[in-house]
Amino acid sequence: VLFRSDECIDEFMTNRDNTNSKMAELNQQTSAPPRLTAISYDPVVRDKLNMYRDTHPLQPILQSDKRGVYEAPIPGYQGFVPRINPTQIGLGQRYKSRTQQGLNAFAN
């Protein structure tokens, strides 16, 4: 019985040492690379974006390119919203019709 307990303790110590060495290696690898800087801080990128805006004034700005409230959030999505008011005719409703109903119910 004493012999088996010595094996268990030895196995535990070996596993603990392996885990500690793996953790130390992981900490060393994650601390080695430098922090990344955001591309928006680069003056070259900022100047090119400003120049593009100056030379293409008629192009829509991203803020004004937002989709309408009734339009699906995924481009090209034409499907149904499943499990909303299921009937004998179908299992769901069109995204646009369901959105209109929901906004109308919220407004009332």
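Residues numbered from 1 in each chain as written. Predicted model: local features only at pLDDT ≥ 70, side-chain atom pairs only at ≥ 80, totals over all residues. Heavy atoms only, no water.

Enquirer: Which residues make up the overall build of the protein, and what values go with them?
Expert: Looking only at helices and strands, one finds three helices and two strands in the protein. Reading the protein from its N end, one meets helices and strands in the order α-α-β-β-α. Burial status across the protein gives 5% buried among its 108 residues. If you take every contact in the protein between residues at least 6 apart in sequence, the share linking residues at least 24 apart comes to 21%. Carbon and sulfur atoms make up 60% of the accessible area of the protein, which totals about 10,300 Å². (Helix = DSSP H or I, 4+ residues; strand = E, 2+ residues; numbered from the N terminus. Buried < 20%, exposed > 50% of the residue type's maximum accessible area, 1.4 Å probe, protein only. Contact = heavy atoms within 4.5 Å. Areas by Shrake-Rupley, 256 points an atom, 1.4 Å probe, with all protein chains shown as cover.)

Enquirer: Tell me what's going on with a nonpolar patch on the surface, and back it up with residues and numbers.
Expert: A grouping of Ile-9, Phe-12 and Met-13 is seen on the molecular surface, where their side chains present a nonpolar patch of about 300 Å² in accessible area. Note on placement: Phe-12 falls in helix α1 (residues 2-31). (Patch = residues over 30% accessible without salt bridge, like charges linked within 9 Å, V, L, I, M, F, W, Y side chains within 5 Å. Salt bridge = Lys/Arg side-chain N within 4 Å of Asp/Glu carboxyl O.)

Enquirer: Go over the pattern of salt bridges with me, naming the residues and quoting the values.
Expert: Scanning the model with the defined rule gives two salt bridges in all. Residue Arg-16 pairs with Asp-17 through a salt bridge whose shortest N-O separation is 4.0 Å. For Arg-16, a relative accessible area of 38% puts it in the partly exposed group. Overall, Asp-17 belongs to the partly exposed group, its relative accessible area being 44%.

Enquirer: Quick one: what's the story with the confidence of the model for the protein, residue by residue and with numbers?
Expert: Mean pLDDT over the protein works out to 77, with 71% of the residues at or above the 70 mark. By mean pLDDT, strand β1 (residues 80-82) is the weakest element of the protein at 61, and α1 is the strongest at 88. (pLDDT = per-residue confidence, 0-100.)

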